[in-house]
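The chain contents come next:
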Amino acid sequence: MEKVKIYLDNCCFNRPYDDQTQQQIQFESIAKLMVQSFIVEGHIDFVWSYMIEFENAKNPFPEKRGTILAFKQYASEVITPSLAIEESAKTLEHKGLKTYDSLHIACATFAKCDYFLTVDDKVLKTQSDEILITDPVVFINQWLKGGNIK
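Scope of this entry: the structure provided in the associated data block. (Residues numbered from 1 in each chain as written. Predicted model: local features only at pLDDT ≥ 70, side-chain atom pairs only at ≥ 80, totals over all residues. Heavy atoms only, no water.)

**Looking at the packing of aromatic side chains**
Part 1: According to the stated counting rule, one finds 10 aromatic pairs in the structure shown.
Part 2: On the basis of an interplanar angle of 65° and a centroid distance of 6.0 Å, the ring pair of Phe 13 and Trp 48 is categorised as edge-to-face. Here Phe 13 is found in helix α1 (residues 10–14), whereas its partner Trp 48 is found in strand β2 (residues 45–49), with 35 residues between them in sequence. Like Trp 48, Phe 13 is buried.
Part 3: Aromatic pair Phe 71 and Tyr 74: ring centres 5.0 Å apart, planes at 45°, arrangement tilted.
Part 4: Look at Phe 71 and you get buried, because its relative accessible area is 6%.
Part 5: On the accessibility criterion, Tyr 74 (33% relative accessible area) is partly exposed.
Part 6: The rings of Phe 13, Phe 46, Trp 48, Phe 71 and Tyr 74 are connected pair by pair, giving a single aromatic cluster. (Phe/Tyr/Trp six-rings, centres within 6.5 Å; stacked < 30°, edge-to-face > 60°. Helix = DSSP H or I, 4+ residues; strand = E, 2+ residues; numbered from the N terminus. Buried < 20%, exposed > 50% of the residue type's maximum accessible area, 1.4 Å probe, protein only.)

**Considering the side chain of Thr 134**
Part 1: Relative to the elements of secondary structure, Thr 134 occurs in strand β5 (residues 132–134).
Part 2: What makes Thr 134 buried here is its relative accessible area of 9%.
Part 3: Ignoring anything within four residues of it in the chain, the contact list for Thr 134 reads Tyr 115, Phe 116, Leu 117, Thr 118, Leu 124 and Phe 139. (Contact = heavy atoms within 4.5 Å.)

**Observations regarding the sheet that holds β2**
Part 1: The 5 strands are arranged β3-β2-β1-β4-β5 in an open sheet whose pairing can be described as parallel. If you trace the sheet from one side to the other, it starts and ends with β3 (77–79) and β5, each paired once. Neighbouring strand axes in the sheet, compared pairwise and without regard to direction, differ in orientation by 30° on average.
Part 2: Across 3 bridges, strand β4 (residues 115–117) lies against β5 in parallel orientation. Paired with Phe 116 across the strands is Ile 133, a residue of β5.
Part 3: Of the strands in this sheet, β1 (5–8), β2 and β4 are in contact with helix α2 (residues 23–40), which crosses β1 at around 135°. (Pairing = 2+ DSSP bridges. Axes fitted to C-alpha atoms, helices over the stretch in contact; angles between N-to-C directions.)

In C-alpha cells, the structure reads:
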C-alpha cells in the first residue's frame, strides 16, 4: 500500500511556536507534532520545497529556523523551482491567494501530494481538485481513525 504524501506549509511548521493560550492553537500544535512523528517513523511521506526553505530563512529566530530546517532530512522528496510551479502558482494567485501561499500549494501539487497541511484560515478556504487542503487536526484525526486516509 502506498503511503500518504503530505506537504506542510510554514504556518504549520511554526504553529508550536505560537502563543499556546488558545485551545485551537494547542490542538493544531499537538496534531502537527504528531504528523511529524509519523513522518520520522516512516508512516507518512513528506515533501520539502524551496519555498519552505526560502520562507524559513526569513524567520528572525535562529533556533526556530534551525529546528525547522533540520526537519528537511525526513523529506522523501525535495521540490526545486520550475516554470510549471510558477505558472500553477499564478493561477492560484488569480483566485486570491498570496504569492507565497500560491507557490507552496503549487509545489505540493507538482509533487503529487495527497494533502496540503496549513493552519492559515484563508488558505484552508481554498478549493483544489488536485490536492486536499486541510489542517493538521483534521488530518491526524482522519489518519488515526483509518490508519491511512489515502
